[in-house]
Amino acid sequence: MKHIVVFAGTTEGRLLGSWLSGEGLKVLACVATEYGSLLAREGEGLEVRQGRLSREEMKELFEAEGRPLVVDVTHPYATEVSCNIRSACEEAGCEYLRLIRPGKQAETEKDCITVGSVEEAVDFLAGTKGRILVTTGSKELHHFTALEDYGARVYARVLATPEVVEHCQRLGFLGQHLICMQGPFSREMNTAMLRQFSASYLVTKESGREGGFEEKLAAAREAGAKVVLIQRPKEQEGILVEEGIARLRERFSLESYPEGMQEKRRAVLAGIGMGPQANMTREVWAAFEGADCILGAGRMLENLQSLRKPMLDAYDPVKMIAYLQEHLEYRRIAVALSGDVGFYSGAKRLIRVFEEAGIETELLSGVSSAAYLCSRLKIAWEDVKLMSIHGRKENLIGAVCRNFRTFTLLGGTDPVQALCQELLFYGLEHVTVYVGERLHYPKERIVKGSPGELMDQSFDGLCAALIENPSYRGGEPSCIADEAFIRGKAPMTKSEIRCLCVAKLGLWRDSVVYDIGAGTGSVSVEMALKAWEGTVWAVEKEPEAVRLIRENARRFRTSNLEVREGAAPEALADLPVPTHGFIGGSSGNLKEILKLLLKKNPQIRVVITAVTLETIGEAVQCLKELPFSHVETVQVQMARAKTLGRYQLMTGQNPVYIFTAQGSLQESNML
């Protein structure tokens, strides 16, 4: 008695039979030909039965085997066999499971002539000239003998068995017109055959991915041959092979997967350069040619339409996954991404989302817009600072101040005008801007000018820019002189204390810092220059001081300095999570402020300055009660020389206490 009978007329059927028997199930594999029995070799748990069965014979077989599960994995064109299997199952009372290969809408291929049968293919070819490579097998090869001079025109590729060879020779296919080989064949092999015989036509059935159908289509395009496609018969009801495997695994509690039938789908994330095919690598183009479907934002798909693949216009990974879940037949997926996948690309997010959905990913590099624009300008890009303000906020002004050359992707409405406005606002009117518009497209334009000269010009939204600053400073200044700041009447931390506090904070270049009680913004500016890839939030409740902070931010070109008017801790509530905090003024709310900082980031590093005894006492008490570690207290008293006549006298400054502390994650969980 058998658990399962598999009608293994396809590669998938033979693999399923071997897999199920290898898992300890008793399997009978039914194949029609001797060649099929050679491929589906018997083993422990697997019995192979050769020969064509009538419906009545099938019924008797099922009853004799105890009415097992019958899995029909016959060829998509074997409709009569499938009908007999289904009917025999109904009569014998067996469960019937039809597994089908995913189809491909090849009728949309521009190089395909679609017909409904072999007879229709012969009728079409009768009105043509040129050699023909027939890959539909030997069973229906006799139809092609109706063609005039078929012995010279037709080249038949068939299985290499004595019976098949003898049959084809009787039909008149001799010598090099009879090619006996076992497929499926690679694109290169198909291309070589078409070119070898100078074939004008390739006759094929839609045999699916496993049957090498896509390789035939690609080869025909490459060799300049027309494809005569015999369409699939109307498919009986069934499920995709992948879904059938999932059902079998669940039904028989199997943990393995059929060898040679990949469980996971695969997505190639491909950088398409600027977009046109000429700017794509051969490897990237081949990935799109071999894909079952192509995903990407609309503009990315424009130059891939000639491939006639199913496409989804989408940028959102969630939409992509939903589409792929609706189309399980798409196993080889290609995603078109602009430029290079490693340069401000959506690839990073797609890798995570796809692999969480069980889809393996591979990345293929493309030509980035930075490399392309620099090549058009005939300059090296090894020392160019690379940035993007396309849909993201970065401290572009800080980069321009620190680098001779800065490249950035642009985005939004009137992106060039917005860029020039910002450069002029921060006093960078002397820089040179190169704008690359619609790079590598037919209407490509590269314009050079100062921000003032480019300000009123009109540009496409698809732009990138390279900014040259001959007066770049290469790094951040330290200990800015007090006189350099706009003072007003707001209090200002003196330069010596300011530099020491910034050093104690231990900022990183991408830190997010709160400056609470920012006064004139002198400490905020120093921190913004230090953490130039991060953000400094200057929190100040006095309107006049807020105005001074904004003026100083503009003076020192710190576009990463944001101002929040209001009193702490209320003004901090909706700000981003900080990595560091500087408290120069708390208005009696020190404990509440520190509690909020620890809640936002239990490992925050803080520096507190105090000059009054009351604040000193409050700071000491807070750092004892709250979950801080590595507390350090330093008292600093500075003196400055003051000229009186021909003498210089040292004038003492008020002593300043500097408290440094690190949030303790373990203890803060107890708050």
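It should be emphasised that the depicted structure is a prediction, and the values quoted were computed from it without experimental measurement.

S.K.: In this structure, what is going on with the overall build of the chain? I would like to understand it.
M.R.: When helices and strands are counted, the chain shows 24 helices and 31 strands. Against the compact-globule benchmark of 26 Å for 671 residues, the chain has a radius of gyration of 37 Å, which places it well outside the compact range. Projected onto its principal axes, the C-alpha positions of the chain cover 125 × 60 × 30 Å. Among the 671 residues that make up the chain, the fraction classed as buried is 50%. A total accessible area of about 31800 Å² is found for the chain, and carbon and sulfur atoms account for 48% of it. Between the averaged position of the 80 positive side-chain charges in the chain and that of its 88 negative side-chain charges there is a distance of 5 Å.

S.K.: Looking at this structure, how should I read the sheet that holds strand 10 (residues 199-205)?
M.R.: If you walk across this open sheet you meet the 6 strands as 6-11-10-7-8-9, and the pairing is parallel. Sheet topology places strand 6 (112-115) and strand 9 (178-180) at the edges, where each strand pairs with a single neighbour. Between one strand axis and the next, the sheet turns through 20 degrees on average, direction left out of account. With 3 bridges connecting them, strand 8 (residues 154-158) and strand 9 associate as parallel partners.

S.K.: Would you mind showing me how to read the side chain of Glu437 here?
M.R.: Take Glu437: it is sitting in strand 20 (residues 432-437). According to the relative accessible area criterion, Glu437 is buried, its value standing at 8%. Within polar-contact distance, the side chain of Glu437 engages the side chain of Arg445 at 2.7 Å. For Glu437, the contacting residues outside a window of four places in its chain are Lys443, Glu444, Arg445, Phe459, Asp460, Leu462 and Cys463.

S.K.: Whenever I open this one, the packing of helix 8 (residues 187-196) against helix 9 (residues 213-223) confuses me. Can you help?
M.R.: Axis angle and axis distance: for two packed helices, these are the angle between their axes and the distance between the axes, and together they describe the pair. Two elements in contact, helix 8 and helix 9, have axes separated by 8 Å at closest approach and are oriented at 45 degrees. For the element pair helix 8 / helix 9, the angle class is oblique. Regarding helix 8 and helix 9, the two cross each other, and that crossing is right-handed. Here Arg187, Asn190, Thr191, Leu194 and Arg195 of helix 8 come into contact with helix 9, specifically with Glu215, Lys216, Ala218, Ala219, Ala220, Glu222 and Ala223.

S.K.: So what exactly am I meant to see when it comes to the environment of Thr558 here?
M.R.: Mapping Thr558 onto the fold places it in the loop between helix 21 (543-555) and strand 25 (561-565). Judged by relative accessible area, Thr558 falls into the buried class, the value being 2%. Considered as a pair, Thr558 and Val525 are 33 residues apart in the sequence and their alpha carbons are 6.8 Å apart.

S.K.: Please explain helix 3 (residues 55-64) as it appears in this structure.
M.R.: One turn of the α-helix equals 3.6 residues, which is why residues spaced by three or four share an orientation. Within helix 3 the residues assigned to the buried category are Met58, Leu61 and Phe62. With its buried residues spanning 95 degrees around the axis, helix 3 presents them on a single face. Summarising the contacts, the buried residues of helix 3 are in contact with strand 1 (4-7), strand 2 (27-31), strand 3 (46-50), strand 4 (69-72) and helix 4 (79-92). Just downstream of helix 3 lies Gly66, where phi reads positive at about 80 degrees.

S.K.: For this particular structure, what's the right way to read the side chain of Glu214?
M.R.: Inspection of the secondary structure puts Glu214 in helix 9. Among the residues examined, Glu214 registers a relative accessible area of 11% and is labelled buried.

S.K.: Looking at this model, I keep getting lost on a negative patch on the surface. Mind explaining?
M.R.: On the surface, a cluster of negative charge is made up of Glu56, Glu57, Glu60 and Glu63. Secondary-structure assignment places Glu63 in helix 3.

S.K.: Quick question: what am I supposed to make of unusual backbone geometry here?
M.R.: Note: most residues except glycine have negative phi, and most peptide bonds are trans. In this chain, Ala568 is followed by Pro569 through a cis amide linkage whose omega measures 10 degrees. Counting through the fold element by element, Pro569 comes out in the loop between strand 25 and strand 26 (580-583). A positive phi angle, close to 55 degrees, is found at Arg67, a residue other than glycine. Considering the arrangement of structural elements, one finds Arg67 in the loop between helix 3 and strand 4. Note on Arg67: relative accessible area 46%, which makes it partly exposed.

S.K.: Just to check I follow, could you spell out the pairing of strand 10 for this structure?
M.R.: When a strand is regular, its side chains alternate between the sheet's two faces. For strand 10, the tally of buried residues reaches 6 of 7 residues, placing the bulk of the element in the interior. In terms of strand pairing, strand 10 meets strand 11 (residues 226-230) through 5 bridges, oriented parallel. Counterpart to Thr204 in the pairing with strand 11 is Leu229.

Here is what the cut-offs are and how they apply
Residues numbered from 1 in each chain as written. Predicted model: local features only at pLDDT ≥ 70, side-chain atom pairs only at ≥ 80, totals over all residues. Heavy atoms only, no water. Helix = DSSP H or I, 4+ residues; strand = E, 2+ residues; numbered from the N terminus. Rg over C-alpha atoms; globule rule 2.2 N^0.38 Å. Buried < 20%, exposed > 50% of the residue type's maximum accessible area, 1.4 Å probe, protein only. Areas by Shrake-Rupley, 256 points an atom, 1.4 Å probe, with all protein chains shown as cover. Lys, Arg positive; Asp, Glu negative; His and termini not counted. Charge placed at Lys NZ, Arg CZ, Asp CG, Glu CD. Pairing = 2+ DSSP bridges. Axes fitted to C-alpha atoms, helices over the stretch in contact; angles between N-to-C directions. Polar contact = N/O pair within 3.5 Å; in protein donor to acceptor, adjacent residues only side chain to side chain. Contact = heavy atoms within 4.5 Å. Parallel < 35°, antiparallel > 145°, perpendicular 65-115°, else oblique. Left-handed = near helix turned anticlockwise from the far one by under 90°. Arc of directions from axis to C-beta. Patch = residues over 30% accessible without salt bridge, like charges linked within 9 Å, V, L, I, M, F, W, Y side chains within 5 Å. Salt bridge = Lys/Arg side-chain N within 4 Å of Asp/Glu carboxyl O.

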